[in-house]
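Descriptive structure summary
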Amino acid sequence: MFDSLADKLQATLADVRSRGTLREQDIDVALREIRLALLEADVNFKVVRSFTADVRERALGANVIGQLNPGHQVVKIVAEALTDLMGGTAQELTLGSRRPAVVLMAGLQGSGKTTAAAKLARLLKEQDGLSVGLAACDVRRPAAVEQLVAVGEQAGATVYEQGVEKGAVETAKWALQRAHSDARDVLIVDTSGRLHVDAELMAELVAVRKAVKPHAVLLVLDAMTGQDAVAVASAFAEQVAFDGVIVSKLDGDARGGAALSVKAVTDRPILFSSTGEKLDAFERFHPERMARRILGMGDVLSLVEKVEREVDETDAVELERKLRRNEFTLDDFLSQLKQVRRMGSLGSLLGMIPGLAGNRLAKMDVDEGELDRVQAIILSMTPGERRRPEIVNGSRRRRIAQGSGTSVHAVNQLIKQFGQMQKLMRGLVAGKMPDLGALMRQAR
Amino acid sequence: MARDWDDLFIRDLPPADPDAAHGAGGGEAASAANAAVSAPADSRRVFRRLRENLTRTRQALGAEIQATLFERLDEHTWERLEEALIAADVGAPTTAAVVERLEREAAGGELEGGEQLTARLAELLAELAHTDAPDTIDLRSRPAVILVCGVNGTGKTTTIGKLAWRLGRELGLRVVVAAGDTFRAAAVEQLERWTQRADVELVKGARGSDPGAVAFDAIGAARARGADVVVVDTAGRLHTQDHLMAELAKVRRVIAKQIPGAPHETLLTIDATTGHNGVRQAKLFSQATPVSGIVLTKLDGTAKGGVALPIASELGIPVKLIGVGEALEDLRPFDAAEFARALVS
């Protein structure tokens, strides 16, 4: 994997800083790096060509030449140009006024349509309070119907299925009628994966489209797609005129350049990003965040949002009160730990912090097992011990170590670290900033 | 390079002496004869299919290169060539290396005109696809264990279905398939349909059960029935998820404990539409469980699967099989020369 483009640009243009000005040839050096990085991020080469031309023009504008810290300036210009290329601001899925509103899913095999359909159903239900039906029109892939039934139920949506005997068009029509009589707000139609060059299957998709007259046709695109994304999207755009894109599997380490290419070539907005196996791993798409991802600049907004979603406000108030009164116990620590872990692996959280994304710290393997052990130790304590760890004597330590499958040494360490943490928090509440470095060293 | 199934699979039939197979018992000789008769027809049919499928693939790329065919080899040529390779997902570093080499050879007077260039290009690409690792699949163990892994949606289950059919129905081997994807909804049902079509045995566990246990049971069942091959399916997983990679490593350990030296083949499915990320996939999967071969799937679209080249040249993992469609016979042994020609013709 390449280092972050942002870092690379800073390094490339570092010597310019001493001169204090950015010259045309500096920009060309930077553009070479940009071109390479974008190609490695799977941005389509034609898009890269026009993009670098655009950046060149912007960079040659008076606002950069003669600026201090030109590296920063160029990174900023690239980030802005990327954001613009992806549509500027986040766009919403519009569902019109007719009920049920119909959303048709389309895409290649294995792009993640069925999972995305269920995730979208869940999102519309949980966030917008809509009642959602799912139509099982993938009658081709073995067991696709069963899969949709299973994930649809998890999502709290009604799944309309007729097995695989009826064709996709007929099933779609029937499901629409059922959704209508059940007074659903939305019907999401799952379809078979198909190659954009498969005339027969593309015709079927067109027929389904005609039969259900969707408000929105969504193309599901794998974030790991390479240069071919443009050919795929153009063919789907031409034949079924999709309205927006769902980028799937964004939790991998793909930079997602394919998404950017598709926006540039078809001019359809990217509406959602799908990450991970769990049904709630589905978010509205934010172009500026994607730009930062491609640049390797971290994604602090997503992190903030994650924290906001996962952390219960009343819990937070209660926690603050406890901190102020110095009543923070191991139980509270455990619930904090669980809360943080709900947001994802520590590694993925670290990756979202700007400046860390390309950094060694973010690449460092965070030992999730260590956290498991800490949890196990606390869970092996009695409520009394969790409130007052100072009562934990030798024989209690042995019991806890045995109960948690760890060692007395590990129990000792945790209790010691917890004591230090309490001290740190008292300091924070009192408004003093403690020496974190010294504390970390002590804790080892 | 493997061109046909007999080149791909190493089997016990002819021990050391190639004549031994002919001298074997009547039944075996008859089936060998049958294979000999049906093989050319079969390969003609499949190659026509592959050609047809690849024709669509070629159009875009073909236009790029054809245009340069009879021109002088100048700056413009190299630029176009570079773009054509990039468009095929060959990746920037590999592309740069190939183009640089051709440029040097042209400057040295070794290449004249577009035709020589195209031929030499195909040669270089085929060379890149070639690795020091064996490009065959050894089936001589009883049972031989084939572990199949890959990212979600790359075509593991479909590949296993086709492979089981090839091994069981076409080559007459006793095959046991292990339904190791105990995670995804309806994954076992999907595999069940495929194994029914292929008419081979399926060993499954409960949804959410330990995939290692399913592999264990399948190997036990294969031994009890004297099966020839065990094909182990696994759940799709992103290579960045450490705990899932650890799970995969465990499945491998369970298999290795059962049969020393197993799995005899570990196949990683890579979607031909995958871009640069394919190299990362191959690298990280290899760290969890040494991958001995790539299955390049969905080559029947417009994607060229060029990512196979950096995987072969950087990681030394050869492509062994390609998927070119959804029918049972649409799994083929990989042929580097053919692949290289398809990339550039």
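Refer to the structure presented above.
A few points on the structure. A quick note: this is a predicted structure, and the numbers were derived from the prediction, not measured.

Let us now look at the overall build of chain B. When you go through chain B residue by residue, the secondary structure sums to 13 helices and 10 strands. Relative to its 345 residues, chain B shows a buried fraction of 58%. Looking at chain B alone, contacts between residues at least 24 apart form 77% of all its contacts between residues at least 6 apart. As displayed, chain B offers around 13800 Å² of accessible surface, 51% of which is attributable to carbon and sulfur atoms.

Each helix and strand counted, chain A has 22 helices and eight strands in total. Looking at chain A residue by residue over its 444 residues, the buried ones come to 50%. At a minimum sequence separation of 6, the contacts of chain A that also span at least 24 residues come to 73%. Here chain A displays about 20000 Å² of accessible surface, and carbon together with sulfur accounts for 51% of that area.

All names here are of chain A. Take Ser404: it is sitting in helix α20 (residues 394-404). Here the side chain of Ser404 touches Ile400 through a polar contact of 2.8 Å, landing on its backbone oxygen. Residues contacting Ser404, with those up to four places away along its chain left out, are Ala376, Ile377 and Ser380.

Our focus in this paragraph is the sheet that holds strand β10 (residues 331-333) of chain B. Residue and element names in this part refer to chain B. Across the sheet, which stays open at both edges, the eight strands sit in the order β5-β4-β6-β3-β7-β8-β9-β10 with mixed pairing between neighbours. Each end of this open sheet is capped by a strand with a single partner; those strands are β5 (201-204) and β10. Here the average twist between neighbouring strands, direction ignored, is 25 degrees. Judged from the five bridges that link them, strand β7 (residues 265-271) and strand β8 (residues 293-297) form a sheet pairing that is parallel. Bridge pairing in β8 links Thr269 to Val295. Strand contacts of helix α7 (residues 156-170): β3 (144-150), β4 (175-179), β6 (229-232), β7, β8, β9 (319-323) and β10, with the helix running at about 160 degrees to β3, the strand carrying the most contacts. Across the sheet, helix α8 (residues 187-198) is in contact with β4 and β5; its angle to β5 comes to roughly 165 degrees.

Residues and elements named next belong to chain A. It is the contact of helix α3 (residues 24-40) with helix α4 (residues 45-60), at a shortest axis distance of 10 Å, that shows an interaxial angle of 150 degrees. By the angle between their directions, the pair α3 and α4 is classed as roughly antiparallel. Our pair here, α3 against α4, has a crossing hand that is right-handed. Within the contact between the two elements, α3 uses Glu24, Ile27, Asp28, Leu31, Ile34, Arg35, Leu38 and Leu39 and α4 uses Phe45, Val48, Phe51, Thr52, Val55, Arg56, Ala59 and Leu60. Looking at the contact of α3 with α4 residue by residue, the class counts come to 11 nonpolar, one polar and four charged.

For any pair of aromatic rings, the description rests on two quantities: the centre-to-centre distance and the angle between the ring planes. For the coordinates displayed, the defined rule picks out five aromatic pairs over all chains. Measuring from centroid to centroid gives 6.4 Å for Tyr160 of chain A and Trp174 of chain A, while their planes differ by 90 degrees, and the two rings are edge-to-face. Linking Tyr160 of chain A in strand β3 (residues 158-160) with Trp174 of chain A in helix α8 (residues 168-181), this pair joins segments that are 14 residues apart in sequence. Tyr160 of chain A gets classed as buried once you look at its relative accessible area, which sits at 1%. Residue Trp174 of chain A is classed as partly exposed on the basis of its relative accessible area, which comes to 23%. Taking the ring centre of Phe242 of chain A as reference, the NZ or CZ of Arg268 of chain A above it sits at 5.4 Å. A cation sits over an aromatic face here: Arg197 of chain B above Trp194 of chain B, 4.4 Å from the ring centre.

A word on the interface of chain B and chain A. Taken together, the contact pairs 40 residues of chain B with 34 residues of chain A. Contact between chain B and chain A buries roughly 3300 Å² in total, counting both sides, with carbon and sulfur atoms accounting for 55%. Close ionic contact of Arg193 of chain B with Glu146 of chain A constitutes a salt bridge, the shortest N to O distance being 2.5 Å. The interface formed by chain B and chain A holds 15 residue pairs in polar contact (both at pLDDT 80 or more) in total. Within the residue set of the side of chain B that touches chain A, elements represented by two or more residues are α4 (75-87), α8 and α11 (277-288) of chain B. Considering each element in turn, the side of chain B that touches chain A owes the most residues, five residues, to α8 of chain B. When its residues are assigned to classes, the side of chain B that touches chain A shows 11 nonpolar, 15 polar and 14 charged.

So, about the pairing of strand β4 (residues 186-191) of chain A. Residue and element names in this part refer to chain A. With six of its six residues buried, β4 lies for the most part within the structure. Burial along β4 is two-sided: Val186, Ile188 and Asp190 and Leu187, Val189 and Thr191, pointing in opposite directions, are all buried. With six bridges connecting them, strand β2 (residues 132-137) and β4 associate as parallel partners. Bridging from a neighbouring strand, Leu134 pairs with Ile188 of β4.

The next point concerns the pattern of salt bridges. Inspection of every chain in the model, using the stated rule, returns 32 salt bridges over all chains. The partner of Arg399 of chain A in a salt bridge is Glu385 of chain A, and the shortest N-O contact between them spans 2.9 Å. Of the two residues, Arg399 of chain A is situated in helix α20 and Glu385 of chain A in helix α19 (residues 383-387); the sequence distance between them amounts to 14 residues. Using a relative accessible area of 35% as the deciding quantity, one classes Arg399 of chain A as partly exposed. The partner of Lys204 of chain B in a salt bridge is Glu192 of chain B, with the nearest N and O atoms 2.4 Å apart. Here the residue Lys204 of chain B occupies a position in strand β5, and Glu192 of chain B occupies one in helix α8, the gap between them amounting to 12 residues. The class for Lys204 of chain B is partly exposed, based on a relative accessible area of 44%. We classify Glu192 of chain B as partly exposed; its relative accessible area is 23%. Shared partners join several salt bridges into a network, and the residues in it are Arg101, Glu105, Arg120 and Glu123 of chain B.

What follows covers helix α13 (residues 336-344) of chain B. Residue and element names in this part refer to chain B. Within α13, seven of the nine residues are buried, which leaves the element mostly enclosed by the surrounding structure. Regarding α13, the residues found buried are Ala336, Glu338, Phe339, Ala340, Ala342, Leu343 and Val344. The residue sitting at the N-terminus of α13 and contributing the capping side-chain oxygen is Asp335; that oxygen lies 3.0 Å from the backbone nitrogen of Ala337.

On to the sheet that holds strand β1 (residues 101-107) of chain A, then. Residue and element names in this part refer to chain A. A sheet is described by the order of its strands in space; here eight strands give the open sequence β3-β2-β4-β1-β5-β6-β7-β8, paired in mixed fashion. The two strands at the open ends of the sheet, each matched to only one other strand, are β3 and β8 (282-284). The average undirected angle you get between the axes of adjacent strands in this sheet is 25 degrees. In this structure, β2 lies alongside β3, joined through three bridges in parallel fashion.

Reading guide: rules and limits
Residues numbered from 1 in each chain as written. Chains lettered and ligands numbered in written order. Predicted model: local features only at pLDDT ≥ 70, side-chain atom pairs only at ≥ 80, totals over all residues. Heavy atoms only, no water. Helix = DSSP H or I, 4+ residues; strand = E, 2+ residues; numbered from the N terminus. Buried < 20%, exposed > 50% of the residue type's maximum accessible area, 1.4 Å probe, protein only. Contact = heavy atoms within 4.5 Å. Areas by Shrake-Rupley, 256 points an atom, 1.4 Å probe, with all protein chains shown as cover. Polar contact = N/O pair within 3.5 Å; in protein donor to acceptor, adjacent residues only side chain to side chain. Pairing = 2+ DSSP bridges. Axes fitted to C-alpha atoms, helices over the stretch in contact; angles between N-to-C directions. Parallel < 35°, antiparallel > 145°, perpendicular 65-115°, else oblique. Left-handed = near helix turned anticlockwise from the far one by under 90°. Nonpolar A, V, L, I, M, F, W, Y, C, P; charged D, E, K, R; others polar. Phe/Tyr/Trp six-rings, centres within 6.5 Å; stacked < 30°, edge-to-face > 60°. Lys NZ or Arg CZ within 6 Å of the ring centre and 35° of its normal. Buried area = accessible area lost by both parts, 1.4 Å probe. Salt bridge = Lys/Arg side-chain N within 4 Å of Asp/Glu carboxyl O.

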